[in-house]
Structure formats: structure tokens, C-alpha cells
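Below, each chain spelled out in residue letters.
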Amino acid sequence: ETGVTQSPTHLIKTRGQQVTLRCSSQSGHNTVSWYQQALGQGPQFIFQYYREEENGRGNFPPRFSGLQFPNYSSELNVNALELDDSALYLCASSLGRGVSGELFFGEGSRLTVL
Amino acid sequence: SQQGEEDPQALSIQEGENATMNCSYKTSINNLQWYRQNSGRGLVHLILIRSNEREKHSGRLRVTLDTSKKSSSLLITASRAADTASYFCAPGAGGGNKLTFGTGTQLKVEL
């Protein structure tokens, strides 16, 4: 148990729809990172939030956006869903944004786009 | 942040045997981490080794780091069926915890 919770655990959407995924970070952690993991692949970095501001972004289009709230929980929003967005979306929390340290992952949200 | 490349892609062994998987990376690092992922679940942190360390142990895990060769290895001794999972390395080079992951090593431990 990492203390990081994600919701929903599974969801099905159709192409063109929008989705919001939620993440509660471990107590005391002020940094949240989001990852996309397609079947058979490693997790790909989407973006990171530190104290409510975006602190780095991977190679994902602007239709992937996020928010971090004052309690450090976070949302990942994906607009105009495409079939290739079907994946496991993982949230990871950590403390600080300095030298790389341990990430604490949630169990993920499995998104299927039809 | 740079991505590590794990090798082999897949490894199948018998319970009780040792499993060794390797990681290579391209540029200087501050540390390197190993994570485990059971099928369809979140990643679990196993161990972090700093750039000034050469070897680190944690239970049945032994990690080595060779910064001159830009490589690391993870050894799991006396493997168990419960060790069946994907294993990922993540080189850390500062700039925050924006870790990137390769495709991992899929370990299968058979009874």
C-alpha cells in the first residue's frame, strides 16, 4: 500500500469524448507525476505537478492537461479521445522536485476508448 | 530525464533459481532506481542506488552499478513464483522525479 489512490479504476469511453482521472497523493507529498502505459510498454511520462504548477511535460499533445489542488491531489484530463489513448494511466506522488527519489505509484486507471 | 533500457526483454526461470536483469543508460546519473510491476497494477519501488555506490542489498535483491559502463544489474536470489512481474530501471539525473521507463524485463518464475 503506497497511500496513493486513483479513481476510477476502469472506464470505457468512445472516440471524441473527454475523460477526467483523479489521484490522491500520499500524505505529505507535494509532487504528482502522471504516466501513460500502453499494453506491453513501459510507463511514459505525461507531466508532473509541483505545488499546483506544471513542472515538466513529456511528449504528449495539449489535449492532455492536468491540475493539482491545494491539498496536492491531482486530475488528468484528456480531450478528444483517440483509440490510441487506451492505456493504463498511473499517478505517482513524491516529495519535492529536486534530485530524483522514490516515486509512490497508485494502482492506475484503465481507460478503454472504443 | 533519460530512459533506461532493460535486458533481457523476457526471462523464464524455475523457482529457487537466481534471476539477473540488466539496465543500460546513456548519460551521467545521480542515482538509479529499480521498480517492479505485477500485471496490470502500479509500480512498486524496490531499491535506489546512488552514483557513488557500487553495490546495494535489500533482502533477496542485489543491485550493482557501474557508472563507467553506464550499466546496472538487478539480481533476485532464490526466486519465488510471487517474483513473477515486470521489472523496470529508472536512471535519475536531477531535475526532479521525472523518471522515464523502458519496456522492462518480464520475469516469469515457474513452479
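Preceding block: the structure.
Cut-offs applied
- Residues numbered from 1 in each chain as written.
- Chains lettered and ligands numbered in written order.
- Predicted model: local features only at pLDDT ≥ 70, side-chain atom pairs only at ≥ 80, totals over all residues.
- Heavy atoms only, no water.
- Helix = DSSP H or I, 4+ residues; strand = E, 2+ residues; numbered from the N terminus.
- Rg over C-alpha atoms; globule rule 2.2 N^0.38 Å.
- Buried < 20%, exposed > 50% of the residue type's maximum accessible area, 1.4 Å probe, protein only.
- Contact = heavy atoms within 4.5 Å.
- Areas by Shrake-Rupley, 256 points an atom, 1.4 Å probe, with all protein chains shown as cover.
- Lys, Arg positive; Asp, Glu negative; His and termini not counted.
- Charge placed at Lys NZ, Arg CZ, Asp CG, Glu CD.
- Buried area = accessible area lost by both parts, 1.4 Å probe.
- Salt bridge = Lys/Arg side-chain N within 4 Å of Asp/Glu carboxyl O.
- Polar contact = N/O pair within 3.5 Å; in protein donor to acceptor, adjacent residues only side chain to side chain.
- Nonpolar A, V, L, I, M, F, W, Y, C, P; charged D, E, K, R; others polar.
- Pairing = 2+ DSSP bridges.
- 1 Å grid on protein atoms, 1.4 Å probe; cavity = no way out; pocket = protein on both sides within 12 Å on 5 of 7 lines; lining within 4 Å.
- Points joined across faces, edges and corners; volume = space filled by probe spheres on them.

Asks: Where do I start with the overall build of chain A in this structure?
Replies: Assigned secondary structure in chain A consists of zero helices and eleven strands. Walking chain A from its N terminus toward its C terminus, one meets helices and strands in the order β-β-β-β-β-β-β-β-β-β-β. Its C-alpha atoms give chain A a radius of gyration of 13 Å, near enough to 13 Å, the size a compact globule of 114 residues would have. Reported as C-alpha extents along the three principal axes, the dimensions of chain A are approximately 40 × 30 × 25 Å. Considering chain A as a whole, with its 114 residues, one finds that 52% of them fall into the buried category. When contacts within chain A are restricted to residue pairs at least 6 apart in sequence, long-range pairs at least 24 apart make up 54% of them. Just so you have it, chain A exposes about 5400 Å², and 49% of that area is on carbon and sulfur atoms. The positive charge centre, built from 8 side chains, and the negative charge centre, built from 10, are 5 Å apart in chain A.

Asks: Any chance you could explain the interface of chain B and chain A here in plain terms?
Replies: Where interface size is quoted, it is often the accessible area lost as the parts come together. Each partner contributes to the interface: chain B provides 24 residues, whereas chain A provides 27 residues. Both sides together, the interface formed by chain B and chain A hides about 1900 Å², and carbon and sulfur atoms give 49% of it. At the surface where chain B touches chain A, the tally comes to one salt bridge. Taking the shortest distance from any N to any O, the salt bridge between Glu107(A) and Arg41(B) comes out at 3.0 Å. At the boundary of chain B and chain A, one finds seven residue pairs in polar contact (both at pLDDT 80 or more). For the side of chain B that touches chain A, the elements supplying multiple residues, two or more each, are β4 (31-37), β5 (43-50) and β9 (85-92) of chain B. With four residues, β4(B) is the single largest residue contributor to the side of chain B that touches chain A. In terms of residue class, the side of chain B that touches chain A is built from seven nonpolar, 15 polar and two charged.

Asks: Looking at this model, I keep getting lost on the pairing of strand β6 (residues 55-58) of chain B. Mind explaining?
Replies: Side-chain positions along a regular strand alternate between the two faces of the sheet. Residue and element names in this part refer to chain B. Where β6 lies against strand β7 (residues 61-66), four bridges are found, and the strand directions are antiparallel. What sits directly across from His-57, in β7, is Arg-62. Turn length for the β6-β7 hairpin, with the two strands adjacent in sequence and antiparallel, is two residues, and the turn residue Gly-59 shows positive phi of about 60°.

Asks: I'm lost on the layout of surface pockets in this one. Help?
Replies: To find leftover empty space, a probe the size of one water molecule is rolled over the atoms. The computed volume of the largest pocket comes to approximately 440 Å³. If you trace the largest pocket, you find 21 residues lining it, with Gln37(A), Gly40(A), Gln37(B), Ser86(B) and Gln106(B) closest to the centre. Secondary structure elements with two or more residues in the lining of the largest pocket: β9 and β10 (105-110) of chain B. Ranked by residue count, the leading element in the lining of the largest pocket is β9(B), at three residues. Grouping the amino acids of the lining of the largest pocket by side-chain chemistry returns seven nonpolar, 13 polar and one charged. The volume enclosed by the second largest pocket comes to roughly 210 Å³. If you trace the second largest pocket, you find 15 residues lining it, with Glu1(A), Thr2(A), Val4(A), Phe105(A) and Glu107(A) closest to the centre.

Asks: Help me out: how do you make sense of unusual backbone geometry in this one?
Replies: Among all residues except glycine, the phi angle is most often negative; among peptide bonds, the trans geometry is most common. At the junction of Ser7(A) and Pro8(A), the peptide bond is cis and its omega measures out at -10° in the coordinates. In the segment running from Asp7(B) into Pro8(B), the intervening peptide bond is cis, with an omega of 0°. Along the polypeptide, Pro8(B) turns up in the loop between β1 (5-7) and β2 (10-14). Residue Tyr72(A) is not a glycine yet carries a positive backbone phi of 75°. Counting through the fold element by element, Tyr72(A) comes out in the loop between β7 (64-68) and β8 (74-78). When its relative accessible area of 25% is taken as the criterion, Tyr72(A) is described as partly exposed. Look at Ala78(B): it is not a glycine, yet its phi comes out positive at around 45°. Note on placement: Ala78(B) falls in the loop between β8 (71-76) and β9.

Remember, this is a structural readout, not a statement about activity or role.
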